[in-house]
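# Secondary and tertiary structure notes
So the chains spell out like this:
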Amino acid sequence: MLPQLDLHYSTIKEGRTVLRSGYSRFPLRHSPELHLSESLPSLATCFITNSSGGMFERDQLEVCVRLDADSKLQLLNLSATLLHKCNQLASRETCRFEIGDNAYFEMVRKPLIPTSGSDYEQNSYLEIGRGAIAVIADTVFSGRYSSGERHRYKAIKLGLDVVFQGKRLVSERSGMRPCGGISALRSESGWNCMSTVYCIGIGPDWKAVERETIQALNDPMLEVGCLPNDSGLIARFLCRSSGAASDRIEMFVNYFRERFAESLVKGNDTQ
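Below is a summary of the structure that appears in this document.

## With respect to unusual backbone geometry
- The peptide bond linking F26 to P27 adopts the cis configuration, its omega dihedral lying at 10 degrees.
- Its location among the elements puts P27 in the loop between β2 (17-24) and β3 (28-30).
- The residue R58 is not glycine, and still its phi comes out positive at about 75 degrees.
- You can see R58 is positioned in the loop between β4 (44-50) and β5 (60-67).
- The backbone of Q165 shows a phi angle near 50 degrees, a positive value even though the residue is not glycine.
- Following the sequence through the fold, Q165 ends up in the loop between β13 (155-164) and β14 (167-176).
- Of the residues examined, Q165 reaches a relative accessible area of 62% and is grouped as exposed.

Here it is as structure tokens:
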């Protein structure tokens, strides 16, 4: 079966990233490429919309994105995803990203909001080229906490696999269950959501980047660490509101973009 979204980006002579081919079907839709960044004019922005009202039992979504060498893409979805009740079978989402050499990929996903009885599994597979950088951010809520609904889902499972030249470097698994998982998100605490930001790449000295990130952001609530096999950083933090989570994610993403902007611009100059 074809994926619900399949996008292929590459660069043109001016160095800008353009959409070479794009396919989408219900419930996903994509925008044309937009160039919104003044500091990085080669960066293309694409917005993704989901018209289904969330993820329902037995739903299976697949998203495929390919970036050719030197391409630069920011992929954004416009609304939170509501996870609906599943009586027997879970809803599943699979994301496949192929990032070429010296490419830059940035994906910030709006929060997942579980409802009572929801069961959801998300798996992301990232094949990354030499010199490429991928920044991926996710947020998971404890439930519709404004209505007093927290931790009434069955399970939420998130996975990320990173491959470089056929070798699996990262196999990250996280998630939440009502009877376990992140204790700070329990109903008696003040924390309502968990956010994770990955910055992945082959080549940088990630120990040095970790030290610089901690010093630059200077936030005691942020936990930053290195991924296995010198493949990147992971930051995970708890927030009380969607606004606080969005602010921290934006801080991370902007820092990483600025941190690697010089090499990205140099890549453009060689076009």
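## Some remarks on the packing of aromatic side chains
- If you walk through the whole model with that rule in mind, you get five aromatic pairs.
- With a centroid separation of 5.8 Å and an interplanar angle of 55 degrees, the aromatic rings of W206 and F260 are classed as tilted. Taken together, the positions of W206 in helix α1 (residues 206-217) and F260 in the loop between α2 (242-259) and α3 (261-269) put the pair 54 residues apart, joining distant regions of the chain. Both residues of the pair, W206 and F260, count as buried.
- An aromatic cluster is built from F237, F252, Y255 and F256, whose rings are joined through pairwise contacts.
- The ring of F260 carries the charged tip of R259 above its face, separated from the ring centre by 5.3 Å.

Rules used throughout
Residues numbered from 1 in each chain as written. Predicted model: local features only at pLDDT ≥ 70, side-chain atom pairs only at ≥ 80, totals over all residues. Heavy atoms only, no water. Helix = DSSP H or I, 4+ residues; strand = E, 2+ residues; numbered from the N terminus. Buried < 20%, exposed > 50% of the residue type's maximum accessible area, 1.4 Å probe, protein only. Phe/Tyr/Trp six-rings, centres within 6.5 Å; stacked < 30°, edge-to-face > 60°. Lys NZ or Arg CZ within 6 Å of the ring centre and 35° of its normal.

Distances and angles like these do not, on their own, reveal function.
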